[in-house]
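Survey of secondary and tertiary structure
In case you want the letters, here they are:
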Amino acid sequence: MENKSIKIHFLGAAGTVTGSKYLVDTGDKKILIDCGLFQGLKELRLKNWEYPPVNVSDIDIVLLTHGHMDHTGYLPRLVKQGFNGPIYGTNPTLDIAKIILNDSAKIQEQEAERANKEGYSKHSPAEPLYDLKDVEKTIPHFKSVPQSQWIPLFDGIRARFQYNGHILGATFIELDVYGKRFVFSGDIGRTNDLLLYSPLKPKKADVLFIESTYGGRFHQEELEAIPQIEKLVNETIKRGGSLFVPSFSVERAQLMMFIFWKLLKENKIPKVQMIMDSPMGANVLELFHRTKDWHKLEDNECDEMCSHFTVVSSYQETMELRTDSKPKIVIAGSGMLTGGRMLNYLETQAQNPDNTLLFVGYQAEGTRGRKLLEGEKELKVYGKWVPFKMQVAEIEGLSAHADHTELMDWMSKIKNKPERVFIVHGEKEGAEALQKGIKETYGWDAEIPQLYSVEEV
């Protein structure tokens, strides 16, 4: 490390929850950790259309912590802007990224087409951020890595991907650069997840990047959430309504299916049609069969659970189901209502006060989900304002993210005192709460970098 200065460019998920991108510039090599889309506030979403404040063609390699959109969704734009190196991730991460990117491109193409047809876009013509051809050009860059093994990247630089719960394939990344260890937490999973194992913990970190999505907030246990779900289903069905669950298509959708199936099996909820409307979610279900080492679900459980659900694949089927007024349970993307099939249901069902909209994951600032949770009574769907009269419920115990206690515990095995601790992937309140907790518990001074800031190590 002598005479070597390393620059860290915070290109996303700094001062905000989405758009994870951290560029490590050693002077000789440029390594990008994660490559996510900004979501939520319009001012953030617009940044997806801008070029990052670095020379993209100079980036040598991308390392992915996991497959979620806010960690992988910018990859086709990066390739379009001139990136030509390998993209490393675990097998499930790359499989999920393929599913998510194809689905994202398809939705963007459909929405651009609909906006042009119905004339509600300010742009003429409306265009997708990227299309399926851009995704096709991105996939050949993918290179699978095993978990828990050191991978040599360049002379004096190596990386290791460690199991982190959260979703299938999710890892934290240890990056050794000329003897100095950089640890990127990615998104940390729960300690007692119903489907996934507990995250591993880093033992050394000279420079630590720690997510703070739920800094200062505390989850109930997942098992404690199940009686609440049972009550919500029964109350909704009893008054003749349907329960709609916007869900991230990766792992959360499967967890919700698992919970509804268990409740039905134990005769705790009535037998109504249960729908999983997400082609992406259906693909992830197949992935569960192929990735037994990454989760707790047995093959026979997966098969039996799926047999109780109508798994919707075609858009036409969605359009037919959304006008059906019979009581049912619908799980559909997207989790924060930023897009996805759930918007089609809300377009026709939002005005029915007998229905319930249940949030089971984090709702970022500026998203439709956050606005509805905060009491908004109108919903903008495909350029139209729809009155919103549904009941709204939120169960935080089902989040795939570690809460404050679990975040603090995740750092407990680090034996040395890190030189620098950067708190990322969180809104101001959560980041500051974690900063305070780290100081009180470990005596480390943690920093909260701002978007596009550059730090020298």
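The protein appears in an unreviewed UniProt entry as Metallo-beta-lactamase family protein, RNA-specific from Flavobacterium frigoris.

The strand order β7-β8-β9-β10-β11-β20-β21 describes an open sheet built from 7 strands, whose pairing is mixed. At either end of the open sheet lies a strand with only one pairing partner, and these are β7 (151-154) and β21 (446-447). Packing against the sheet, helix α14 (residues 428-442) makes contact with β11 (207-211), β20 (420-424) and β21, and its axis sits at approximately 150 degrees to β20.

Our next topic: the sheet that holds strand β6 (residues 142-144). With mixed pairing, the 7 strands of this open sheet are ordered in space as β6-β5-β4-β3-β2-β1-β22. This sheet does not close on itself; its edge strands, each paired only once, are β6 and β22 (454-456). Averaged over all pairs of adjacent strands, the angle between strand axes in this sheet comes to 25 degrees, irrespective of strand direction. The pairing of strand β1 (residues 7-12) with β22 spans 3 bridges and is classified as antiparallel. Looking across to β22, one finds that K7 is bridged to E456. Of the strands in this sheet, β5 (87-89) and β6 touch helix α4 (residues 91-118), which is tilted by about 150 degrees from β6.

A word on the packing of aromatic side chains. Inspection of every chain in the model, using the stated rule, returns 14 aromatic pairs. Ring plane angle 90 degrees and centroid distance 5.2 Å describe the contact between F172 and W410, whose orientation is recorded as edge-to-face. With F172 in strand β9 (residues 171-177) and W410 in helix α13 (residues 404-410), this residue pair connects regions lying 238 residues apart in the sequence. For W410, a relative accessible area of 2% corresponds to the buried category. Linked through ring pairs, F10, Y22, F184, F209 and F422 together constitute an aromatic cluster. One residue, R114, lies across the ring of Y382, its end atom 3.9 Å from the ring centre.

Here we come to a positive patch on the surface. Taken together, the side chains of K42, R45, K122, K371 and K380 present a region of like positive charge at the surface. One can find K380 in strand β17 (residues 378-381).

Turning next to the nonpolar core. As a rule of thumb, soluble globular proteins bury nonpolar side chains together. With 75 residues, the main nonpolar core has M256 and F260 as its most contacted residues. Built from parts of two domains, this core gets at least three residues from each of domain 1 (7-217 + 400-456) and domain 2 (222-394). Setting aside chain neighbours within four positions, we find M256 in contact with I229, V245, I331, L358, V360 and L398. One finds I31, I61, L153 and F184 within the second-largest nonpolar core, a separate group that totals 27 residues.

How each quantity is defined
Here the residue numbers are simple positions, counted from 1 along each chain's written sequence. Totals for whole chains, interfaces and linings use every residue, but because this is a predicted model, local features are given only for residues with pLDDT of at least 70 and side-chain atom pairs only at 80 or more, for both listing and counting. Heavy atoms from the whole structure form the basis of all side-chain values; hydrogens and water molecules are not counted. Note: two strands are recorded as paired if DSSP finds a minimum of 2 bridges between them. Starting at the N terminus, helices and strands are each numbered in turn, a helix being any DSSP run of H or I of at least four residues and a strand any DSSP run of E of at least two. The contact criterion used is simple: two residues touch if any of their non-hydrogen atoms lie within 4.5 Å. Note on geometry: axes are C-alpha line fits, over the in-contact stretch for helices, and angles between N-to-C directions span 0 to 180 degrees. We call Phe, Tyr and Trp rings a pair once their centres come within 6.5 Å, taking the six-membered ring for Trp, and we label the pair stacked below 30 degrees between planes, edge-to-face above 60, and tilted otherwise. Think of it in three bands: with a 1.4 Å probe and only protein chains considered, a residue is buried below 20% of the maximum accessible area for its type, exposed above 50%, and partly exposed in between. Comment: the charge-over-ring label is applied if NZ (Lys) or CZ (Arg) is within 6 Å of the ring centre and within 35 degrees of the ring normal. In this analysis, a patch consists of residues with relative accessible area above 30% that form no salt bridge, clustered at 9 Å for like charges and at 5 Å for the nonpolar side chains Val, Leu, Ile, Met, Phe, Trp and Tyr. What sets the accessible areas is the Shrake-Rupley method with a 1.4 Å probe; for residues, cover comes only from the shown protein chains. What counts as a salt bridge is simple: a side-chain nitrogen of Lys or Arg found within 4 Å of a carboxyl oxygen of Asp or Glu. Charged residues are defined narrowly, with Lys and Arg counted positive, Asp and Glu counted negative, and His plus the chain ends left uncounted. We put the charge of a Lys on NZ, of an Arg on CZ, of an Asp on CG and of a Glu on CD. Within this scheme, the nonpolar core is defined by two criteria: the residues are buried Ala, Val, Leu, Ile, Met, Phe, Trp, Tyr or Cys, and they are joined through side-chain atoms within 4.5 Å. Residue ranges assigned to the domains are those given by an automatic or database domain assignment.

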